[in-house]
Every structure is written in structure tokens, then in C-alpha cells.
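# Structure assessment
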Amino acid sequence: METDCTRDDAPVKRPDPLPAGTRLLHIGPHKTGTTSIQGALFAAKDQLPAHGVEFPAHTRHPMEAALAACARPAMMGDIVPTDGHWTKLVKQVEAAGRRTSVVSSEFFADAEDEATVARIVGQLGGDRAHILVTLRPLAKIMPSQWQQYVQNGLRMGYEDWLRHMLRKAPYEQPTPSFWRRHGHDRLVERWAAVVGPERVTVVVVDDRDRGGLMRTFEALLGLPENLLQPVPDTANRSLTLAETEMLRNLNKEFRGNGLPDELYSKLVRNGAVMHMKNACSPSPRDVKIYTPVWAVEAAAARAAEMAERIARTGVRVLGNPALLSAVPTSPPPASGEARIAPEVAAQALYGALAAAAEAPVRHANPAKARTVHQTSSKELVKVLGHRCLKKLRGH
């Protein structure tokens with residue numbers, strides 16, 4: 001293994017650019033800075049060609065294409081991924097010609113076997129492909145991933161979910177995708193077996209260095225330093241414990257009453273949750289998702305084993321592998337229950353109502369059209385009231 005690191009707090013040496021014409025495929029996995037990188041690349045899309053680089057996708061994150069390539073289902077109630085989504089992305093990559101191109105989706109980590117990986121690599125460039133894996137400490141990933149699963153309908157509480165993932169063999173229920181994504185050693189092995197270890201780079205993300213991941217991407221792509229900049233995205237923030245528990249209990253009611261998945265996608269995830277995230281910032285008083293000591297230690301032990309196995313693959317590692325098994329220090333949970341603030345609950349309910357009313361608010365000038373989440377509460381109330389009255393008069 002080629003490791004480019006020194007002490008825990010030493011800056012990572014800037015890596016040399018990949019050969020011109022490389023197809024850089026960033027496969028995540030989830031909760032390792034993927035959204036931040038995708039946002040920065042998409043924001044700089046028009047500047048990249050001047051430096052010989054293409055971002056060959058028409059959206060920040062070609063999620064449907066990646067899901068289709070891996071034969072994985074969509075998130076609950078979302079658009080069903082098809083071969084058409086994947087074929088479109090492949091054609092966009094081919095159109096980059098001999099330029100370097102970069103594709104990023106954490107859902108490529110869901111590829112289950114080497115045959116699927118080989119097909120993806122073959123269609124995205126074959127021997128021109130270089131695989132980039134970004135990794136963070138497993139103990140930090142687990143609370144973020146649990147609340148993300150809750151946003152996709154999970155009804156299990158955090159500690160119970162931890163017991164299933166860490167103590168209940170075969171560790172696959174209720175979220176079999178977790179270890180497919182976050183068995184980081186097996187993930188690296190699957191892709192290295194297809195492209196060879198010399199065409200796999202693992203980046204250990206250091207949360208203390210906020211710009212480090214951006215700078216690494218710039219170096220690998222041969223871009224000027226600081227070209228990639230973070231794009232504010234409140235919709236991607238994690239939920240607080242109270243928000244997650246509110247949603248988890250809503251999931252129980254939703255499933256218990258047999259409502260369709262499409263309704264969940266529209267009213268809950270893209271209505272209530274999305275509006276709540278955009279309208280409400282977490283407060284320092286909010287109770288955070290607390291991982292018990294036994295689970296932190298178990299996750300750290302698993303991560304240490306993974307780091308050792310990754311070392312044996314011979315892939316290049318940028319950053320300090322010891323960070324992956326570091327035990328994060330977090331204060332014990334605050335006394336008292338995590339309670340949802342009335343204004344947060346109101347914003348969640350409001351988001352669901354607005355989604356049900358099928359806003360956006362329309363303007364005579366299409367350039368000024370806005371989504372629900374960009375529209376003031378006062379204006380949306382007027383729109384909702386007008387629509388309700390119109391429906392009532394129609395009866």
C-alpha cells in the first residue's frame with residue numbers, strides 16, 4: 001500500500017495529477033463528504049473545461065444512473081431508476097472524449113459483486129477509469145447513516161439498530177445496504193479486483209481539515225487550488241435526535257396505515273423533512289444523536305481491521321489510516337428527553353401541506369418561479385388558501 005501521510009496532525013502531501021484523459025469515478029461511500037464534493041464540482045462545471053476537465057452530468061448527483069447501474073431500488077417512493085438513466089450518463093461521459101472527466105455518486109458503493117463493478121468500469125472508460133474511495137471513521141458514520149435510513153422509512157430506534165448492525169449476525173437487518181457500503185475493506189477489494197490496485201485511490205477524510213477533500217480532488221484532477229468551493233446546502237444537513245425521533249414515529253404511523261410509498265416521498269421526505277431542514281437550523285440546545293460507548297468501541301475495532309485489510313490490497317491511501325479507527329470523544333447524553341420544538345414541528349407540518357397543495361408558486365415570469373422551500377410562509381398561506389377555496393367552490 002502506498003500511503004501518503006505522516007503524523008496525525010501533519011498536512012497531507014498534494015498528490016500528483018492523474019494522467020490526462022482519466023475517467024475519475026468517485027464511489028463514496030455515503031457520509032464521507034460526497035454531497036460537498038458533488039456540489040462543488042457542479043458549481044464549477046463551466047470553469048472545468050479550461051483546465052482540461054469535464055463534469056459530464058446535467059445534475060449535481062446522477063443518483064438514478066448509479067442506482068440503475070448497480071441494479072438497486074430507488075429511495076422509498078422516488079423515481080424508479082431505469083437503464084435509460086444509466087445509458088444517458090454513459091453517453092455524457094463518452095462525449096468528454098480525451099479530456100479528463102469525473103463522475104461522483106455514493107450509490108456506486110452499492111455494487112454487490114465484481115461482475116457489476118466490471119460492467120460499470122467497462123462502460124465508463126475501461127482502462128482509463130480510476131476509482132476514488134473516500135473514507136471517514138466508522139463510529140462517526142453510524143449516527144449519520146441511521147438518521148438517513150430513518151429519512152427513507154426506517155422505524156427502528158438508534159440503539160436497537162446499532163445492536164443489529166454490530167451484535168446480531170448476519171448483521172444485515174433491517175438495513176442490508178449498510179455493510180455493503182461500509183464494509184470498507186470489502187468495498188475497496190471489490191473494485192481493486194477489477195481495475196487493479198494501482199488504479200484505486202483511498203482518501204482518508206480528516207474532519208479537522210475542512211478544505212482538505214476539495215484540495216485533494218483539485219490535485220488529482222490537475223485543477224488550480226481553491227477552484228472548488230463548498231456550496232451551502234441546508235437540505236443536506238443531518239437531523240437532530242428530536243427531529244429524527246419525530247420522523248421515526250411518523251414512519252410507524254405511515255407504515256401501520258398502509259399508505260403508498262409515493263405519498264411518503266412527496267409529503268414526508270420531499271415535503272415535511274425538506275422544508276424543516278431549510279427553515280430550521282439546529283440549536284446548540286438540541287440533543288444530539290449519542291452513540292453508546294460499547295458501540296463506539298465495536299465500530300472502532302471493526303474499522304481497525306478494515307484499515308489493515310485495505311493496506312494489504314496495495315491501493316494508494318492518501319491521509320492517515322489511523323484516523324479511521326479513532327474513538328471520537330463525545331459528551332454523555334444530556335439529561336431529559338429530546339423534544340421537538342413547536343416551531344420545528346410547525347415547519348414540518350407546513351412542508352407536508354405545501355407539498356400536498358403541489359406548489360411551487362407560479363409567476364408570470366418563469367425565471368422568477370420558486371419552489372415551496374424558497375417561498376415565504378405568508379405567501380404560501382395565501383396560495384394554499386386560494387387553492388382550498390377554489391376546490392370548495394367546485395363542489
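Now for a look at the structure at hand. (Residues numbered from 1 in each chain as written. Predicted model: local features only at pLDDT ≥ 70, side-chain atom pairs only at ≥ 80, totals over all residues. Heavy atoms only, no water.)

So, on to unusual backbone geometry. Backbone torsion omega between G28 and P29 reads 10°, so that peptide bond is classified as cis. Note that P29 resides in the loop between β2 (23-26) and α1 (34-43). Of the consecutive residues A169 and P170, the connecting peptide bond is found in the cis state with omega at 5°. Mapped onto the secondary structure, P170 falls in the loop between α6 (158-166) and α7 (177-182). Phi is positive for K31, which is not a glycine, with a value near 65°. Residue K31 is classed as buried on the basis of its relative accessible area, which comes to 19%. For A71, which is not glycine, the phi dihedral falls at a positive 55°. With respect to the element layout, A71 can be found in the loop between α2 (63-69) and α3 (83-94). (Helix = DSSP H or I, 4+ residues; strand = E, 2+ residues; numbered from the N terminus. Buried < 20%, exposed > 50% of the residue type's maximum accessible area, 1.4 Å probe, protein only.)

Attention now moves to the packing of helix α5 (residues 138-150) against helix α10 (residues 241-256). In contact at an axis separation of 9 Å, α5 and α10 are set at 35° when each is read in the N-to-C sense. α10 is crossed by α5, and the crossing has left-handed handedness. Of the residues in α10, those in contact with W146, Q147 and V150 of α5 are L241, T244, E245, L247, R248 and N251. Among the residues making up the contact of α5 with α10, the classes are represented as four nonpolar, three polar and two charged. (Axes fitted to C-alpha atoms, helices over the stretch in contact; angles between N-to-C directions. Left-handed = near helix turned anticlockwise from the far one by under 90°. Contact = heavy atoms within 4.5 Å. Nonpolar A, V, L, I, M, F, W, Y, C, P; charged D, E, K, R; others polar.)

This part takes up the environment of F55. Turning to its location among the elements, F55 is positioned in the loop between β3 (53-54) and α2. Considered as a pair, F55 and S101 are 46 residues apart in the sequence and their alpha carbons are 5.8 Å apart. Residues contacting F55, with those up to four places away along its chain left out, are L41, F42, K45, L48, R60 and V102.

Before going further, it helps to spend a moment on the side chain of E218. Inspection of the secondary structure puts E218 in helix α9 (residues 212-221). A distance of 2.8 Å separates a polar atom in the side chain of E218 from a polar atom in the side chain of R215. Beyond its immediate sequence surroundings of up to four residues, E218 is in contact with R14, L223, P224, E225, N226, L227 and L228. (Polar contact = N/O pair within 3.5 Å; in protein donor to acceptor, adjacent residues only side chain to side chain.)

For the structure shown, the criterion picks out eight aromatic pairs. Look at W146 and Y158: their rings are 5.0 Å apart centre to centre, the planes differ by 40°, and that puts the pair in the tilted class. One end of the pair, W146, is in helix α5; the other, Y158, is in helix α6, with twelve residues separating them in the sequence. Judged on exposure class, the residue W146 and its partner Y158 are both buried. Ring centres of W161 and F178 lie 5.3 Å apart, and the angle between their planes is 85°; on these two criteria the pair is classed as edge-to-face. Residue W161 is found in helix α6, and its partner F178 is found in helix α7; the two are separated by 17 residues along the sequence. Residue F178 is classed as buried on the basis of its relative accessible area, which comes to 0%. Against the face of W294 rests R167, its NZ or CZ located 3.9 Å from the ring centre. The lysine or arginine in question, R302, covers the ring of Y171, its NZ or CZ lying 5.9 Å from the ring centre. (Phe/Tyr/Trp six-rings, centres within 6.5 Å; stacked < 30°, edge-to-face > 60°. Lys NZ or Arg CZ within 6 Å of the ring centre and 35° of its normal.)

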